[in-house]
Amino acid sequence: MYPATRIERFNEDVQLKYQLFNSIFITLPFQAIDNTGALLPLFSEICDEGFKNGKSPEGIFNEFAEKYLTEYSDKERIDLMFRFIQYVERQVVLFDAIEDAAFSKLNNLEGSGSLRESREKAENHGQKQELREFLKDFSIRPVLTAHPTQFYPGSVLGIITSLTNAIKNNNLGEIKTLLAQLGKTPFIQKEKPTPYDEAISLLWYLENVFYNAAGDISSYLQDSVYDGELLPSPVISFGFWPGGDRDGNPFVTNEITLKVADRLRTSILKCYYNDVRDLKRKLTFNSVHEKIGELEQSLYRSVFYSKGELFITLDELKKGLAEIREIIINQHQSLYLDQIDCFINKVNLFGFHFASLDIRQNSKIHNAVFTNIIKHLEKANDSVNGYANFDEKTKLEALSRLKANISPEDFDDEDTRKTLESILAIKTIQQNNGEKGSNRYIISNNESALNVLELLTLFSLLGWQTPPVDIVPLFETVDDLEDAGHVMKLLYENERYAAHLKSRGNRQTIMLGFSDGTKDGGYLMANWGIYKAKENLTQMAREHGIKVVFFDGRGGPPARGGGKTHKFYASLGPGIENREIQVTIQGQTISSNFGTPDSCRFNLENLLSAGITNGVFNKSDKPFSDDQKALIEDMARISYKKYMDFKGHDKFLPYLEKMSTLNYYAKTNIGSRPSKRNTDSKLDFADLRAIPFVGSWSQLKQNVPGFFGLGAALGEYEKRGEWEKVQALYQDSLFFRTLLENSMMSLTKSFFPLTAYMKDDAEFGAFWEIIYNEFLETKRLLLKISGYKELMENYPDGKASIKLREQIVVPLLTIQQYALSAIRKMKNGQQDDALLEVYEKIVTRSLFGNINAARNSA
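As the structure is a computational prediction, the values presented were derived from the model and not from experiment.

Considering the overall build of the protein chain
Inference 1: Within the protein chain, the secondary structure is distributed over 34 helices and nine strands.
Inference 2: Taken over the C-alpha trace, the protein chain has a radius of gyration of 28 Å; the compact-globule value for 858 residues is 29 Å, and the two agree within 12%.
Inference 3: Projected onto its principal axes, the C-alpha coordinates of the protein chain cover approximately 75 × 70 × 60 Å.
Inference 4: Scored against the burial criterion, the 858 residues of the protein chain give a buried share of 59%.
Inference 5: Of the contacts formed within the protein chain by residues at least 6 apart in sequence, a portion of 81% connects residues at least 24 apart.
Inference 6: Looking at the protein chain as shown, the accessible area adds up to about 34,000 Å², and 48% of this sits on carbon and sulfur atoms.
Inference 7: In the protein chain, which carries 103 positive and 114 negative side-chain charges, the distance between the mean positions of the two groups comes to 1 Å.

Structure follows, in structure tokens:
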């Protein structure tokens, strides 16, 4: 008997189980009126038929009301809409749990992209020693961020975990109980979370998932690659943004930063205590039991009895474990050695910091802060008199001569004081958690070498002359990406900055922003612009003897650098530095890709194996010929023009404001950070964050940032009669093929019948047609170049998952569009506005389920 295919396994372990458990769920009474579960399938059916027949959401809901709600008052109809939304939210949770439970059946955990595959390939090709050498200097660094795309509160995440385990074990009684609990558990937070609340939410994943997954991966490498020897260096580290990311978030204070760092330290010590306690029950031998008991007591006191005081240092913990390991080997036949080594690997990996807390602020804030500081210093320092009027070269020279001392208390301006306090906070964290506790300061929207040198100057003005801190410029817009090489050249050749880099081992981290790049220049130009920037920055660094590391600011969907991320890293080639893969893991992506032990290990191994593929197996492969580079460059130019014309359309911003959910993101209590960088009520595209921008297109089921301009570029080559060039590029280049496959995902998640009624709108009808025509053209050409009959044909289970998720949320989206239509009529004076607030609340509530269902929509 042949093993089942992935789609067969999906149908059996996901689709069938969802139908079974959903039938139980919708019969459970959660409300005083308990017919919601009976009416929802009927509404869903009318939605499906209605959209097939070209009906509008308003027409669909009215048809449903005429059939089934004739005796309902207006208030009862509105109440039913809210209950439908609540049911759909919980159906999404049920589907998440079922899919998570089936993860190991749907994915071969030791197949393609696994470390086992990399190890076996190295053995078969006689490259095992080369693999060992490579891993000495290579690592991955997932950085957990608190960007507001995760709508599940902690109580719901706990239910998902329990429900996943119950489904895995086929425990029907527990499943029914958990479904009942799910129905009664609130999904909505009444108040916005603080940055500290966000940190606590993400700490759950560090403690319960990443801690053990990273330890297991380290143990596997020790056993299978290093033949039992301890790892020469950790292959994984973690970064952390909640409590440190100040970019546009006025709620991140110095106190919160320090509080989060303390909690990170306490959390890792608690994990160590639990492991040591488990080891103590096993290491009951002479000469060992006493030593492990001492470690247990020291950790226990540090976690439970101290107010920030430590009763053991990191070096003492490492020394104690090394002594225990030696005794076990020499006196006790290496009994439980594998578990001791696993714990040692964790200690080497996590230290006393658990994850490094990054500090981030926007260059525009820094500019204002530095202006205030210069005004303060001009009174007593001639070298900076007239600084504001200097050109860049003169400013750089002035900074190299500037010597002074300042403190936060010298300034009344809040931003100036907070910025200086954040630098001093780094010093405090390093004293408490070790240098890795916080050793990076990221400058978002970095536009010049001056942005970096002025920040370095702030450190010295605060008395920190040689700070053990990496200054990380973040380049985001198309123009900034093109200029990044020039900026870094100025820095590498600046005497003062070169001395700073030398103190940091001549290692420079550079962050590149996929989200804002796509918002700024469109899908193809952003991805190609970042690829080119990496090549240029790699060459520049190598010429100056600098080891460059790239840190990618990626979101969940392809429009923000998500999708099949590991394939991009495997395809980069020798022209892009491959010392480390650093990437942000945001919002939903944390729970969807790393939320369970199986999915976490699978995706961490995918990133590791991508680096291994690029650095060991394909290290001499050039990803593009010169002609192919010229081809992609031309396509990027064509797509960029198409996108910029679209973005420059006079209806672009009004369409987002009036026809989408853009203005409702700020009303959801899902993140501490505002949805815009400024506080102006007027919408300014430059200040609009990428998450609400991409998310609003996702709610419309149009997904513009994930494809717009791509069809125009492909179509141009078809018109020129040069289609064979792009066809050959698709066949030859993993990078280009992955780029197009990820765009297919964006198209697959689009559903234009939902908004087809807009084509008849007097103001926006023509604009909607522009979007729809580019969607159709992109879809046609992607099918042509791939040879597929359907989008995502090569990922049948992924396509089936998307299809089922989209079916679940169709009623919710219909209600959302119905409410938006009613709001527009009220604001235009076509309908009484007595219920305006109620309908606005419906729209806000409807955001949650759709975002969660998509898993990587923002």
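Section: the confidence of the model for the protein chain
Inference 1: Averaged over every residue, the pLDDT of the protein chain is 90; the share at 70 or more is 94%.
Inference 2: At the low end of the mean pLDDT range in the protein chain sits helix α23 (residues 565–570), at 77; at the high end sits strand β3 (residues 356–357), at 98.

Concerning the environment of E130
Inference 1: Relative to the assigned elements, E130 resides in helix α7 (residues 128–137).
Inference 2: Residues within four places of E130 in sequence aside, it is in contact with V616 and K619.

Quick word on a negative patch on the surface
Inference 1: Taken together, the side chains of D391, E392, E397, D479, E482 and D483 define an acidic patch exposed on the protein surface.
Inference 2: Of all the elements in the fold, those that place two or more residues in the negative patch are α16 (392–401) and α19 (478–492).
Inference 3: Ranked by residues supplied to the negative patch, first place goes to α19 with three residues.
Inference 4: With respect to the helices and strands, D479 occurs in helix α19.

Remarks on the pairing of strand β7 (residues 507–513)
Inference 1: Taking burial as the measure, the seven residues of β7 include six buried ones, the bulk of the element.
Inference 2: Two strands pair when backbone bridges link them, and strand β6 (residues 470–475) and β7 are joined in this way by two bridges, in the parallel orientation. Looking across to β7, one finds that L474 is bridged to M511.
Inference 3: In this structure, β7 lies alongside strand β8 (residues 547–553), joined through seven bridges in parallel fashion. The partner of T509 across the bridge, within β8, is V549.

Quick look at the pattern of salt bridges
Inference 1: What the rule picks out here adds up to 53 salt bridges.
Inference 2: Two residues, R720 and E722, come together in a salt bridge whose shortest N-O distance is 3.9 Å.
Inference 3: Given the relative accessible area of 36%, R720 is considered partly exposed.
Inference 4: One salt-bridge network, held together by shared partners, links D634, R637, E716, R720, E722 and K725.

Description of the packing of aromatic side chains
Inference 1: Scanning the entire structure with this criterion turns up 53 aromatic pairs.
Inference 2: Ring geometry for Y273 versus F304: centroids 5.8 Å apart, planes at 80°, classification edge-to-face. Residue Y273 is located in helix α11 (residues 254–282), and its partner F304 is located in helix α12 (residues 289–305); the two are separated by 31 residues in the primary sequence.
Inference 3: The exposure class of Y273 is buried, given its relative accessible area of 9%.
Inference 4: Where F459 meets W464, the ring centres are 5.7 Å apart and the plane angle is 40°; that geometry is what we call tilted.

Notes on the sheet that holds strand β4 (residues 359–362)
Inference 1: Pairing is parallel across the open sheet formed by nine strands, whose spatial order is β3-β2-β1-β9-β8-β7-β6-β5-β4. Each having just a single partner strand, β3 and β4 make up the two edges of the open sheet.
Inference 2: Of the strands in this sheet, β4 and β5 (440–444) touch helix α15 (residues 363–378), which is tilted by about 80° from β4.
Inference 3: Of the strands in this sheet, β7 and β8 touch helix α22 (residues 523–543), which is tilted by about 160° from β8.

As for the nonpolar core
Inference 1: Counting 197 residues, the largest nonpolar core has L135, L206, I236, F240, Y272, Y655 and W697 as its most contacted members.
Inference 2: It is helix α10 (residues 195–224) that provides the largest number of residues to this core, a total of 14 residues.
Inference 3: Ignoring any residue separated from it by four or fewer positions in sequence, one finds F240 in contact with V143, L144, A199, L202, L203, L206, V260, L264, A355, S356, L357 and D358.
Inference 4: Ranked by size, the runner-up nonpolar core spans 70 residues in total, among them Y18, L39, F64 and A101.

Let's talk about the environment of E99
Inference 1: Mapping E99 onto the fold places it in helix α4 (residues 74–101).
Inference 2: Note: C-alpha distance between E99 and F10 (89 residues apart in sequence) is 8.6 Å.
Inference 3: At 2.7 Å, the side chain of E99 and the side chain of S801 are in polar contact.

Things to note about helix α2 (residues 36–52)
Inference 1: End to end, α2 covers 24 Å across 17 residues, agreeing with the expected 24 Å (1.5 Å per residue, within 8%).
Inference 2: Of the residues making up α2, those classed as buried are T36, G37, L39, L40, F43, S44, I46, C47, G50 and F51.
Inference 3: Summarising the contacts, the buried residues of α2 are in contact with α3 (57–68), α4 and α33 (796–827).
Inference 4: Just beyond α2, the residue with positive phi is G54, at close to 80°.

Remarks on unusual backbone geometry
Inference 1: Phi is positive for N445, close to 55°, though the residue is something other than glycine.
Inference 2: Tracing the chain through its elements places N445 in the loop between β5 and α18 (449–461).
Inference 3: Relative accessible area serves as the criterion here: at 14%, N445 is assigned to the buried category.

Describing the packing of helix α31 (residues 734–748) against helix α32 (residues 765–786)
Inference 1: Where α31 meets α32, the axes come as close as 11 Å, and the angle between the chain directions of the two elements is 135°. By the angle class used here, α31 and α32 are oblique. Viewed along their axes, α31 and α32 form a crossing whose handedness is left-handed. For the pair α31 and α32, the contacting residues are F736, L740, S743, M744 and L747 in the first and F775, T778, K779, L782, I785 and S786 in the second.
Inference 2: Tallied by class, the residues present in the contact of α31 with α32 amount to seven nonpolar, three polar and one charged.

Focus: the state of the cysteines
Inference 1: Under the criterion given, the structure shown has zero disulfides.
Inference 2: In this structure C271 is a free cysteine whose sulfur lies 12 Å from that of C342, the closest cysteine sulfur available.
Inference 3: By relative accessible area, which is 9% here, C271 ends up buried.

A short note on the pairing of β4
Inference 1: Residues I359 and Q361 point to one face of β4 and R360 and N362 to the other, with burial holding for every one of them.
Inference 2: Here β4 pairs with β5 via four bridges, running parallel. For Q361, the partnering residue across the bridge sits in β5 and is I443.

Comments concerning the packing of helix α30 (residues 723–732) against α32
Inference 1: Where α30 meets α32, the axes come as close as 9 Å, and the angle between the chain directions of the two elements is 65°. Relative to α32, the element α30 lies roughly perpendicular. Here α30 runs over α32; the crossing is right-handed. Here W723, V726, Q727, Y730 and Q731 of α30 come into contact with α32, specifically with L781, K784, I785 and S786.
Inference 2: Tallied by class, residues from the contact of α30 with α32 come to five nonpolar, three polar and one charged.

A closer look at helix α13 (residues 314–331)
Inference 1: The terminal C-alpha atoms of α13 lie 26 Å apart, and with 18 residues this matches the ideal 26 Å at 1.5 Å per residue to within 8%.
Inference 2: Inspection of α13 places L317, G320, L321, I324, R325, I327 and I328 among the buried residues, and these make up the whole buried set. Considered in projection along α13, the buried side chains sweep an arc of 165° and stay on one side of the axis. Exposed and facing more than 90 degrees away from the buried side of α13 are D315, K319, E326 and N330.
Inference 3: Among the structural elements, α10, α11, α12 and α14 (337–350) are those in contact with the buried residues of α13.

Thresholds applied
- Residues numbered from 1 in each chain as written.
- Predicted model: local features only at pLDDT ≥ 70, side-chain atom pairs only at ≥ 80, totals over all residues.
- Heavy atoms only, no water.
- Helix = DSSP H or I, 4+ residues; strand = E, 2+ residues; numbered from the N terminus.
- Rg over C-alpha atoms; globule rule 2.2 N^0.38 Å.
- Buried < 20%, exposed > 50% of the residue type's maximum accessible area, 1.4 Å probe, protein only.
- Contact = heavy atoms within 4.5 Å.
- Areas by Shrake-Rupley, 256 points an atom, 1.4 Å probe, with all protein chains shown as cover.
- Lys, Arg positive; Asp, Glu negative; His and termini not counted.
- Charge placed at Lys NZ, Arg CZ, Asp CG, Glu CD.
- pLDDT = per-residue confidence, 0-100.
- Patch = residues over 30% accessible without salt bridge, like charges linked within 9 Å, V, L, I, M, F, W, Y side chains within 5 Å.
- Salt bridge = Lys/Arg side-chain N within 4 Å of Asp/Glu carboxyl O.
- Pairing = 2+ DSSP bridges.
- Phe/Tyr/Trp six-rings, centres within 6.5 Å; stacked < 30°, edge-to-face > 60°.
- Axes fitted to C-alpha atoms, helices over the stretch in contact; angles between N-to-C directions.
- Core = buried A, V, L, I, M, F, W, Y, C linked by side-chain atoms within 4.5 Å.
- Polar contact = N/O pair within 3.5 Å; in protein donor to acceptor, adjacent residues only side chain to side chain.
- Expected span 1.5 Å × (residues − 1).
- Parallel < 35°, antiparallel > 145°, perpendicular 65-115°, else oblique.
- Left-handed = near helix turned anticlockwise from the far one by under 90°.
- Nonpolar A, V, L, I, M, F, W, Y, C, P; charged D, E, K, R; others polar.
- Disulfide = S-S within 2.5 Å.
- Arc of directions from axis to C-beta.

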